[in-house]
Amino acid sequence: MGATLRSLRVAFAGTPDFAVEALRAIMASSHRLVLVFTQPDRPAGRGQKLMPSPVKACAVANAIPVYQPSRMGPEAAALLRRERIDVLVVAAFGQIVSEEILCAPINGCINIHASLLPRWRGAAPIVHALLSGDALSGVSIMKMDRGLDTGPTLLMRSCPITATMTQGDLLSALSGLGATACVEVLDDLDAYLSTAREQPQKGVTYAGKITKSQALIDWEGTADDVSRHVRAFNPFPMAYAFWCGQRVRIAEVAVFADDCVGAHAPGEVISVDGRGVL
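What you see is a predicted model; the values in this text were computed from it and never measured. Starting afresh in each chain, residues are numbered from 1 along the sequence in its written order. Two thresholds apply to this predicted model, a pLDDT of at least 70 for residue-level local features and 80 or more for giving and counting side-chain atom pairs, whereas whole-chain, interface and lining totals are computed over all residues. Hydrogens and water are ignored here; the side-chain numbers use all heavy atoms of the structure.

Trainee: How should the pattern of salt bridges be read in this particular structure?
Mentor: Opposite charge on two side chains allows them to pair when their charged atoms are near. We count a salt bridge whenever a side-chain nitrogen from Lys or Arg sits within 4 Å of a carboxyl oxygen from Asp or Glu. In total, this model carries ten salt bridges according to the counting rule given. Residue Arg6 pairs with Asp86 through a salt bridge whose shortest N-O separation is 3.7 Å. Within this pair, whereas Arg6 is found in the segment before strand E1 (9-14), its partner Asp86 is found in the loop between helix H3 (74-82) and strand E6 (87-91), the two being separated by 80 residues in sequence. Whether a residue is buried, partly exposed or exposed follows from its accessible area with a 1.4 Å probe, protein chains only, as a fraction of its type maximum: under 20%, in between, or over 50%, in that order. Look at Asp86 and you get buried, because its relative accessible area is 10%. In this structure, Asp273 engages Arg275 in a salt bridge whose closest nitrogen and oxygen atoms are separated by 3.1 Å. Residue classification places Arg275 among the exposed positions, given a relative accessible area of 77%. Each of Arg6, Asp86 and Asp190 takes part in one network of salt bridges that share partners. Under the scheme used here, helices are H or I runs from DSSP no shorter than 4 residues and strands are E runs no shorter than 2 residues, and both carry numbers assigned from the N terminus.

Right, dumping it as structure tokens:
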């Protein structure tokens, strides 16, 4: 919209890799990143050692104060008010943000959501966009309200989904797109808030949480279905099938167009050679 109007005191709430690029972009902007919220350290690896989230690791490396509440409650709200936070930026935080948190910053909270709202509200928009064969994805910068990704949008940026794009590829693309869009909104926050658009009621879809069991390949689907499935679950939790009782993770597939495969049952192994398994 316009040039930078004022430097903001910003707090950030995020956890996974998707949120790190936005965190870095805010640190590099004209705004002051005052504090960061992220999920508590979780056990990981064979030794189940407690590991910090990617957001925590980035914040600590840059000497930004980090808070890891198990629940964003009254103490977090009081901290936001005490620090005179202008806006809380949320990106894949992993917790429900309560109404007391929404009201604590002077200008409320904005969210970086990895879809073109109102399509794919919810926890796993990237996976669901790939599973559904969407040709277009993107990011929405949204003013948060009490609903599940229902708030008015401030800025949207689109990104095409190519035929070979995996979950990891799309996540990386949207992470960068979201970081740039977020800083663009912060640079003229008052103007973007004043022109916020309510989401349309038509076209609402929901992207529920993904479980590892959903990554099991359904060989009854078309070849294109299986291809989308494998790409949607790469790199996590990885698509898989069973062969002679063994779980086999499948990272990449290509659709084979020869009509001769039509005489075989779904999931049947026709041949194995240096190129892979047909």
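After presenting the structure, the write-up continues.
Trainee: Please clarify how the sheet that holds strand E7 (residues 109-113) should be interpreted in this entry.
Mentor: The pairing of strands in a sheet comes from backbone hydrogen bonds and takes either a parallel or an antiparallel form. Spatial strand order, E5-E2-E1-E6-E7-E9-E10: seven strands in an open sheet with mixed pairing. Two strands bound the open sheet, and with one partner strand each, they are strand E5 (66-67) and strand E10 (153-160). In short, DSSP must find at least two bridges between two strands for them to pair. The pairing of E1 with E6 spans five bridges and is classified as parallel. The residue bridging Ala11 from the neighbouring strand is Leu88, located in E6. Should any heavy atoms of two residues lie within 4.5 Å, those residues are counted as being in contact. An axis is simply a line fitted to the C-alpha atoms; with a helix, the fit covers only the stretch in contact. Between two such axes, the angle follows the N-to-C directions and lies from 0 to 180 degrees. Seen against the sheet, H3 touches E1, strand E2 (32-37), E5 and E6 and runs at an angle of roughly 175 degrees to E2.

Trainee: Honestly, the environment of Glu75 in this entry has me stumped. Any pointers?
Mentor: Within the secondary structure, Glu75 is located in helix H3. Measuring from C-alpha to C-alpha, the distance between Glu75 and Ile101 comes to 9.6 Å, with 26 residues separating the pair along the chain.

Trainee: How should I be thinking about the nonpolar core in this particular structure?
Mentor: The nonpolar side chains of a soluble globular protein tend to be buried, and buried together. Ranked by size, the top nonpolar core spans 55 residues in total, and within it Phe12, Ile26, Val89, Ile141 and Leu186 carry the most contacts. If one sorts the elements of this core by residue count, helix H6 (residues 167-187) sits on top with eight residues. Definition of nonpolar core: a set of buried residues of the types Ala, Val, Leu, Ile, Met, Phe, Trp, Tyr and Cys, connected through side-chain atoms within 4.5 Å.

Trainee: Explanation requested: the pairing of E2 in the structure shown.
Mentor: The side chains of a regular strand alternate, residue by residue, between the two faces of the sheet. With five of six residues buried, E2 is to be regarded as a mostly interior element. Looking at chain direction, E1 and E2 are connected through five bridges and run parallel. Within the sheet, the bridge partner assigned to Phe12 lies in E2 and is Val36. Whether a crossover is right-handed depends on one test, that the path from the first strand over the helix to the second runs clockwise when the strands point away from the viewer. Where the polypeptide runs from E1 across helix H1 (residues 17-27) and back to E2, its parallel neighbour, the crossover connection is right-handed. Here E2 runs beside E5; their pairing, made up of two bridges, is parallel. Paired with Val36 across the strands is Val66, a residue of E5.

Trainee: Quick question: what am I supposed to make of the packing of H1 against H6 here?
Mentor: Geometrically, a packed helix pair is captured by the angle between its two axes and the distance between the axes. Their axes nearest at 8 Å, the elements H1 and H6 cross at an angle of 35 degrees. The handedness of the crossing between H1 and H6 comes out as right-handed. Packed against H1, whose contacting residues are Asp17, Phe18, Glu21, Ala22, Ala25 and Ile26, the element H6 presents Leu171, Leu174, Ser175, Gly176, Ala179, Cys182, Val183 and Leu186 at the interface. Each residue receives one of three labels: charged for Asp, Glu, Lys and Arg, nonpolar for Ala, Val, Leu, Ile, Met, Phe, Trp, Tyr, Cys and Pro, and polar for the others, Gly being one of them. When grouped by side-chain class, the residues that make up the contact of H1 with H6 number ten nonpolar, two polar and two charged. Two helices cross in a left-handed way if the nearer one is turned anticlockwise from the farther one by less than a right angle. They cross in a right-handed way if the turn is clockwise.

Trainee: Please explain the pairing of strand E12 (residues 239-243) as it appears in this structure.
Mentor: Of the pairings in the sheet, the one linking E12 to strand E13 (residues 246-250) comprises five bridges and is antiparallel in character. Considered in E13, the bridge of Tyr240 is made with Arg249. The hairpin turn running from E12 into E13, its antiparallel successor, is two residues long, and Cys244 in that turn takes a positive phi close to 55 degrees.

Scope: geometric values only; no functional claims are made or implied.
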